[in-house]
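Listed below are the residues making up each chain.
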Amino acid sequence: MNCVSLSLREASELLASGRMTSVDMCRAFLDRIRKVEDRVHALLNWKEEDILRQAAESDARRANGKLLSAFDGIPVTLKDNICASGQQCTCASRILEGFISPYDATVTEKLKKAGFVLLGRANMDEFAMGSSCENSAYQKTANPWNLDCVPGGSSGGSAASVAAGETVIALGSDTGGSIRQPASFCGIVGLKPTYGRVSRYGLVAFASSLDQIGPMSKSVYDAAAMLDVIAGQDPMDCTSLPQEKENFADDVEVFEKNPRLDGVKIGLPKEYFELEGLSSGVKAVTEKAIETLKKLGAEFVNISLPHTRYSMACYYIVATAEASANLARFDGIRYGYRSPRATDIQSTYFLSRGEGFGMEVARRIMLGTYVLSSGYYDAYYLKAQKVRTLLRRDFEEAYKKCDLIFTPVSPVPAFRFGEKADPLQMYLSDVFTTALNLSGDCGISIPAGLDETSGMPVGIQLMAPAMEEKRLFRTGRAFELAREQKEFLAPLD
Ligand code: GLN
């Protein structure tokens with residue numbers, strides 16, 4: 001059976017129908033991995049024996065009527081910065097080479113409790129710093145739609161593994177766009193939940209006040225269902241938020257019986273559409289998407305997010321400052337790599353870090369250390385915190401006029417390897433995504449069409465106020481059902 005395009009919903013139905021076992025399903029994905037992985041390079045590692053053992057355990061539970069959830073036995077792929085007990089967790093960095101996680105992240109524990117089969121570890125930009133997956137210390141992941149193009153980043157391995165049909169669903173992390181941008185580049189759905197919706201315990205920290213784990217999936221329904229599994233307050237993460245169980249997937253199921261958007265107000269922030277460098281292909285797809293949403297009954301209103309032009313600068317100060325503090329723990333003593341040339345404590349620290357971190361990570365640590373140093377703290381870090389408050393207020397004001405905000409995800413579709421060698425050019429691929437992490441609200445990227453010149457997928461971004469993911473799922477689902485192009489399958493075969 002061809003499992004390539006199997007969604008979470010379909011996989012669950014298939015297993016429930018008894019037409020397929022978890023072992024067979026996992027075998028099909030392993031076959032697929034064997035077939036395409038040497039071209040896509042989405043995974044850092046996967047252990048066949050371990051996968052089939054988990055699948056057999058699930059089949060036994062099903063046979064005994066002891067199912068853990070409707071998703072028992074379905075494979076899921078984790079970004080390599082999410083800890084799973086007994087598995088290597090490297091964040092695609094040399095400095096964590098050989099580091100075996102002694103515990104499960106809270107999300108991993110929740111996946112296991114729901115019976116998911118942990119399929120493998122997805123490649124990423126080192127420590128989630130980047131927008132193309134080119135910063136991985138181990139390999140470059142290719143975009144399954146065109147192997148000469150990047151899959152986006154930093155969760156490029158997760159996105160590519162879903163788009164290449166190597167798994168049913170994946171988890172990524174989003175600090176400044178790293179779920180939404182690669183989802184858009186690979187033609188899949190990516191959700192950045194509200195900050196605090198999902199526990200960060202066991203997610204290797206990049207920028208703690210911005211990081212969120214979220215689903216990368218083949219449909220909006222799947223993203224909703226996965227959020228049901230991983231959301232919740234966690235005593236191990238004091239920034240996780242108290243929340244009711246929302247049953248997002250059930251809500252989508254009820255909504256899709258009559259998927260109309262009458263009465264829904266969607267804001268169009270003028271600053272996002274005035275940007276120089278917005279490609280004509282992305283513009284065309286977003287304009288068409290607006291028409292589709294209008295036909296569904298949604299009303300578009302013009303809004304302004306006046307501080308948008310400061311969001312990138314603000315993000316790169318806050319994110320690097322936090323990264324420089326978080327990455328201080330990698331000292332060659334406690335985790336992973338230690339330089340063989342080290343002779344004492346000082347050389348252990350200097351040499352291990354010097355050899356263990358890649359260029360981009362080193363650049364961020366230096367930038368972050370600089371903006372936090374005495375004499376510059378007020379001018380940069382403190383100022384950025386103030387700008388962050390202004391950006392947050394922009395959104396608060398905007399949501400007085402609309403329920404959701406609509407923007408492109410990235411100004412350009414997936415680009416070619418090496419095309420954005422200048423770090424500043426690379427940073428600009430995040431212009432539309434970073435403000436959402438600074439505000440802490442939620443957003444989703446949904447495939448909308450193909451770029452007219454390159455034929456690469458283009459996504460649209462919907463944003464909503466904190467804890468209003470339901471709005472994203474309903475509007476997203478209505479859009480998905482109404483958009484012209486129904487399927488987004490990478491032409492890999
Ligand atoms: N591309 C952005 C960066 O390099 C965002 C990364 C992320 O969301 N993890 O920082």
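The preceding data block contains the structure.
These remarks concern the structure in this document.

Rules behind the numbers
- Residue positions are counted from 1 within each chain, in the order its sequence is given.
- Two thresholds apply to this predicted model, a pLDDT of at least 70 for residue-level local features and 80 or more for giving and counting side-chain atom pairs, whereas whole-chain, interface and lining totals are computed over all residues.
- Water and hydrogen atoms play no part in the side-chain values, which are based on all heavy atoms of the structure.
- Cysteine sulfur atoms are paired as a disulfide whenever they fall within 2.5 Å.
- Throughout, exposure labels follow a simple rule: accessible area from a 1.4 Å probe, protein chains only, divided by the maximum for the residue type, with under 20% read as buried, over 50% as exposed, and the rest as partly exposed.
- Distances are taken per atom, and a residue is near a molecule or strand as soon as one of its heavy atoms is within 4 Å of it.
- Any pair of N or O atoms that falls within 3.5 Å is considered a polar contact. Within protein, one atom must be able to donate a hydrogen and the other to accept it, and sequence-neighbouring residues count only if both atoms are side-chain atoms.
- Here the accessible surface of atoms and residues is derived via Shrake-Rupley with a 1.4 Å probe, and residues count as covered only by protein chains that are part of the display.
- Side-chain classes follow a simple rule in which Ala, Val, Leu, Ile, Met, Phe, Trp, Tyr, Cys and Pro form the nonpolar group, Asp, Glu, Lys and Arg form the charged group, and the remainder, Gly included, forms the polar group.
- Each patch groups residues whose relative accessible area exceeds 30% and which form no salt bridge, using 9 Å between like charges and 5 Å between nonpolar side chains of Val, Leu, Ile, Met, Phe, Trp and Tyr.
- Salt bridges, as used here, are contacts in which a Lys or Arg side-chain nitrogen is within 4 Å of a carboxyl oxygen on Asp or Glu.
- When charges are counted, Lys and Arg contribute as positive and Asp and Glu as negative, whereas His and the chain ends are disregarded.
- Charged side chains are reduced to one point each, which is NZ for Lys, CZ for Arg, CG for Asp and CD for Glu.
- By definition, any uninterrupted DSSP run of H or I lasting at least four residues is a helix, any uninterrupted run of E lasting at least two residues is a strand, and each is numbered from the N terminus.
- Note on definitions: a residue-residue contact is assigned when non-hydrogen atoms from the two residues lie within 4.5 Å.
- Strand pairing is defined by DSSP finding a minimum of two bridges between the two strands.
- In this analysis, axes come from line fits to C-alpha atoms, helices being fitted only over the stretch in contact, and the angle between any two N-to-C directions falls in the range 0 to 180 degrees.
- One less than the number of residues in a helix, times 1.5 Å, gives the span that helix is expected to have.
- The criterion is simple. A nonpolar core is a set of buried Ala, Val, Leu, Ile, Met, Phe, Trp, Tyr and Cys residues joined through side-chain atoms within 4.5 Å.
- Each pair of aromatic rings taken from Phe, Tyr and Trp, with Trp reduced to its six-membered ring, is defined by centres within 6.5 Å and is described as stacked if the planes are under 30 degrees apart, edge-to-face if over 60, and tilted in the remaining cases.
- By definition, being over a ring means that NZ of Lys or CZ of Arg is both within 6 Å of the ring centre and within 35 degrees of the ring normal.

Some thoughts on the state of the cysteines
So, step 1. Evaluated as defined, the whole model comprises zero disulfides.
So, step 2. Just so you know, C83 is unpaired, no disulfide at all, and the nearest cysteine sulfur is the one on C89, 4.1 Å from it.
So, step 3. You can call C83 buried: its relative accessible area is 3%.
So, step 4. Unpaired in this structure, C402 has its nearest cysteine sulfur neighbour in C442, at a distance of 13 Å.
So, step 5. Since its relative accessible area comes to 3%, C402 is described here as buried.

So, the site of the ligand
So, step 1. The environment of the ligand is made up of 15 residues, and the closest members are T175, G176, S178, Y315 and R364.
So, step 2. Here Y316 contributes a side-chain N or O atom positioned 3.5 Å from an oxygen atom of the ligand.
So, step 3. Protein contacts shield 100% of the accessible area of the ligand, which totals 290 Å² for the unbound molecule.
So, step 4. The class makeup of the residues in the shell around the ligand is five nonpolar, seven polar and three charged.

Notes on a negative patch on the surface
So, step 1. A cluster of acidic residues, E10, E13, D250, E253 and E487, forms a negative patch on the protein surface.
So, step 2. Breaking the negative patch down by element, the ones donating at least two residues are α1 (8–17) and α8 (248–255).
So, step 3. By the secondary structure assignment, E13 is in helix α1.

Overview of the side chain of E480
So, step 1. Note that E480 resides in helix α17 (residues 469–482).
So, step 2. Excluding residues that lie within four positions of it along the chain, E480 makes contacts with V189, K218, S219, V220 and K486.

Thoughts on the pairing of strand β10 (residues 442–450)
So, step 1. Taking burial as the measure, the nine residues of β10 include eight buried ones, the bulk of the element.
So, step 2. Examined bridge by bridge, β10 and strand β11 (residues 457–464) share eight bridges and lie antiparallel to one another. Counted as the bridge partner of P447 is G459 from β11.
So, step 3. Where β10 folds back on β11, the antiparallel hairpin that results is connected by six residues, among which G455 adopts a positive phi of roughly 75 degrees.

A few points about the pattern of salt bridges
Two side chains that carry opposite charge are able to pair once their charged atoms sit near each other.
So, step 1. Enumeration over the complete set of coordinates arrives at 32 salt bridges.
So, step 2. For R200, the salt bridge is made with D237, and the minimal N-O distance between the two is 3.8 Å. Of this pair, R200 sits in the loop between β5 (189–192) and β6 (212–217) while D237 sits in the loop between α7 (220–230) and α8, and the two are 37 residues apart along the sequence. Across the pair, exposure class does not vary: R200 and D237 are buried alike.
So, step 3. A salt bridge links E355 to R341, with the nearest nitrogen and oxygen atoms 2.8 Å apart. Remark: R341 occurs in the loop between α11 (311–326) and α12 (345–356) and E355 occurs in helix α12; sequence separation between them is 14 residues.
So, step 4. We classify E355 as partly exposed; its relative accessible area is 30%.
So, step 5. By sharing partners, the salt bridges in this structure join R9, E256, R477 and E480 into a single network.

A closer look at the sheet that holds strand β1 (residues 43–45)
So, step 1. One open sheet holds the eleven strands; their spatial order is β1-β3-β2-β4-β6-β5-β10-β11-β9-β7-β8, and the pairing between them is mixed. Since the sheet does not close on itself, it has two edges, and those belong to β1 and β8 (299–303), each with one partner. Averaged over neighbouring strand pairs, the angle between their axes works out to 30 degrees when direction is ignored.
So, step 2. Sheet topology note: the strand β2 (residues 75–79)/strand β4 (residues 169–174) ladder contains three bridges and is parallel. Residue pairing for β4: L78 is matched across the bridge by L171.
So, step 3. Across the sheet, α7 is in contact with β2, β4, β5, β6 and β10; its angle to β6 comes to roughly 145 degrees.

Points about α12
So, step 1. Between its first and last C-alpha atoms α12 spans 16 Å; for twelve residues at 1.5 Å apiece the expected length is 16 Å, and the two agree.
So, step 2. Taken together, the buried positions of α12 are S347, T348, S352, R353 and G356.
So, step 3. Buried residues belonging to α12 abut α13 (359–372).

Brief notes about the nonpolar core
In a soluble, globular protein the nonpolar side chains are often hidden away together inside.
So, step 1. Among the nonpolar cores identified, the biggest contains 121 residues, and L111, F116, F127, I230, F406 and F473 are the most heavily contacted of them.
So, step 2. In contact with F473, not counting residues within four places along its chain, are L191, V220, A223, A224, L227, F248, V252 and I444.

A short note on the environment of I365
So, step 1. The residue I365 is located in helix α13 in this model.
So, step 2. Take I365: its relative accessible area is 12%, and that puts it in the buried class.
So, step 3. Sequence separation between I365 and V412 is 47 residues, and the spatial gap between their C-alpha atoms is 28 Å.

So, the packing of aromatic side chains
Between two aromatic rings, the relevant description is the distance of the centres plus the angle of the planes.
So, step 1. Using the criterion set out here, one finds 19 aromatic pairs in the structure.
So, step 2. On the numbers, 6.0 Å between centres and 80 degrees between planes, the contact of F300 with F406 is edge-to-face. Of this pair, F300 sits in strand β8 while F406 sits in strand β9 (residues 404–408), and the two are 106 residues apart along the sequence.
So, step 3. Relative accessible area serves as the criterion here: at 16%, F300 is assigned to the buried category.
So, step 4. Owing to a relative accessible area of 0%, F406 belongs among the buried residues under this scheme.
So, step 5. Taking 4.7 Å as the distance between ring centres and 90 degrees as the angle between the ring planes, the aromatic pair formed by Y315 and Y316 counts as edge-to-face.
So, step 6. Lying across the ring of F415, K420 places its NZ or CZ 5.0 Å from the centre.

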